[in-house]
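Spelled out, the chains give:
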Amino acid sequence: MMRAPDRCQVWWATSDRSADGGLLSDAERARAGRLRCAEDRLGFVTARALLRLLLADRLDVPPVAVPLGAACRVCGANDHGRLRLDGDPTNVSFSVTRRGARVGVAMTEGRAVGVDVEAADDRGDPARAALAAEALGPAELATYRRIPVGDRGRAMARWWTRKEAVLKATGDGLGFPPAKLRVSRPDAPAALVAWEVPSPSTASRPPVRLQDLDPGPGYVGCVAVLGSHPIRVRELDGDEVLRGGDRRAATA
Ligand SMILES: CC(C)(COP(=O)(O)OP(=O)(O)OC[C@H]1O[C@@H](n2cnc3c(N)ncnc32)[C@H](O)[C@@H]1OP(=O)(O)O)[C@@H](O)C(=O)NCCC(=O)NCCS
């Protein structure tokens, strides 16, 4: 029998939580308090609240008791870097992203996942050109320069979210130079074209399934799932999950 595509779920929510409603750990609350930029703080609190609600459902524990930890590949600290579940008995893999008014959480079973959202046009021309020069390989840069100026913001956001999604799935993050990872051109379906050098995290050039996402007006997103088997992606309403958490807290 043919194996069905593996499922991947992505929840999108509005970044508007200033209080965590008792969902976050003390360490997360302390980190939120250290974030000076209001947008960053709202995004962090909203993303963690959403993630904890989703994982609490799977693990059947209260959101605050979800054993969420992190591991930084660079300095070894456990308060930032890629998130993980300590002592997790399930096979769930997850990734979070936040930008401006949007936060996203992606989940898969048994295959590493990475998700990224960007504003379609939040950088001015000089900043975008600098990002293009740094993040795109020579062939991609030649394509970028042929794109009409007015379309470059969205195109660059597509390239960037595709590359970041892959690098979050492997755990490399920006420790891997994005210019050394070739992805399809922005007007083509999302796909990995080539690793110019191996991924340090996996010590290989892993196959990846990519899919562009629709985080809402003004934003673009992408999810990456390691492995070659096809994926089926569903985008879901994270605001509804957060409202459900509020309702449960109000009646507890
Ligand atoms: C994190 C990163 C991959 C993406 O950043 P971004 O697009 O600005 O942010 P996003 O909102 O899309 O993603 C942030 C989330 O990625 C996750 N993340 C962090 N490092 C990660 C990694 N190496 N692999 C996968 N996911 C990672 C975290 O969950 C983080 O959310 P949190 O800050 O709320 O915990 C990139 O900024 C990066 O590589 N940073 C690492 C910088 C570094 O190594 N610093 C050294 C500190 S000692």
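Not measured: the values here are computed from a predicted model. (Residues numbered from 1 in each chain as written. Predicted model: local features only at pLDDT ≥ 70, side-chain atom pairs only at ≥ 80, totals over all residues. Heavy atoms only, no water.)

A. Just the site of the ligand, in detail. Residues in close proximity to the ligand total 19 residues, the closest being R31, R48, T97, E164 and L174. Here a nitrogen atom of the ligand sits 3.0 Å away from a polar atom, N or O, in the main chain of G171. Backbone polar atom of L174 to an oxygen atom of the ligand: 2.6 Å apart, as the coordinates give it. Contact with the protein chains removes 71% of the 910 Å² of surface that the ligand exposes when unbound. Comparing atom positions with the cavity grids shows the ligand to sit within the largest pocket. Those elements that provide at least two residues to the shell around the ligand are α2 (38-59), β3 (82-85), β4 (92-99) and α5 (152-170). Ranked by residues supplied to the shell around the ligand, first place goes to β4 with three residues. The residue makeup of the shell around the ligand, split by class, is seven nonpolar, five polar and seven charged. (Near = heavy atom within 4 Å. Polar contact = N/O pair within 3.5 Å; in protein donor to acceptor, adjacent residues only side chain to side chain. Areas by Shrake-Rupley, 256 points an atom, 1.4 Å probe, with all protein chains shown as cover. 1 Å grid on protein atoms, 1.4 Å probe; cavity = no way out; pocket = protein on both sides within 12 Å on 5 of 7 lines; lining within 4 Å. Sits in = over half its atoms within 2 Å of the grid points. Helix = DSSP H or I, 4+ residues; strand = E, 2+ residues; numbered from the N terminus. Nonpolar A, V, L, I, M, F, W, Y, C, P; charged D, E, K, R; others polar.)

B. Examining the side chain of T170 more closely. With respect to the element layout, T170 can be found in helix α5. Look at T170 and you get buried, because its relative accessible area is 6%. Among the polar contacts made by the side chain of T170, one reaches the side chain of D172 at a distance of 2.8 Å. With residues near it in sequence (within four places) discarded, T170 still touches R82, W195, S199, S201, T202, P206 and L226. (Buried < 20%, exposed > 50% of the residue type's maximum accessible area, 1.4 Å probe, protein only. Contact = heavy atoms within 4.5 Å.)

C. Molecular detail of the packing of aromatic side chains. Enumeration over the complete set of coordinates arrives at two aromatic pairs. Here the aromatic rings of Y144 and W159 are separated by 6.3 Å at their centres, their planes lie at 55 degrees, and the arrangement is tilted. Here the residue Y144 occupies a position in helix α4 (residues 138-146), and W159 occupies one in helix α5, the gap between them amounting to 15 residues. Look at Y144 and you get buried, because its relative accessible area is 5%. Classification of W159 as buried rests on a relative accessible area of 1%. Measuring from centroid to centroid gives 5.2 Å for F176 and W195, while their planes differ by 85 degrees, and the two rings are edge-to-face. Placement of the pair is F176 in the loop between α5 and β7 (181-183) and W195 in strand β8 (residues 192-195), with a sequence separation of 19 residues. With a relative accessible area of 2%, F176 lands in the buried category. When its relative accessible area of 6% is taken as the criterion, W195 is described as buried. (Phe/Tyr/Trp six-rings, centres within 6.5 Å; stacked < 30°, edge-to-face > 60°.)

D. Quick peek at the sheet that holds strand β1 (residues 6-14). The strand order across the open sheet formed by four strands is β4-β5-β1-β11, and the pairing between neighbours is mixed. Each edge of the sheet is formed by a strand with only one pairing partner; in this case those strands are β4 and β11 (231-237). Ignoring which end each strand starts from, the neighbouring axes of this sheet average 20 degrees apart. Where β1 lies against β11, seven bridges are found, and the strand directions are parallel. For Q9, the partnering residue across the bridge sits in β11 and is R234. Relative to the sheet, α2 contacts β1, β4 and β5 (102-109), its axis offset from that of β5 by approximately 30 degrees. (Pairing = 2+ DSSP bridges. Axes fitted to C-alpha atoms, helices over the stretch in contact; angles between N-to-C directions.)

These figures come from the coordinates and say nothing about function on their own.
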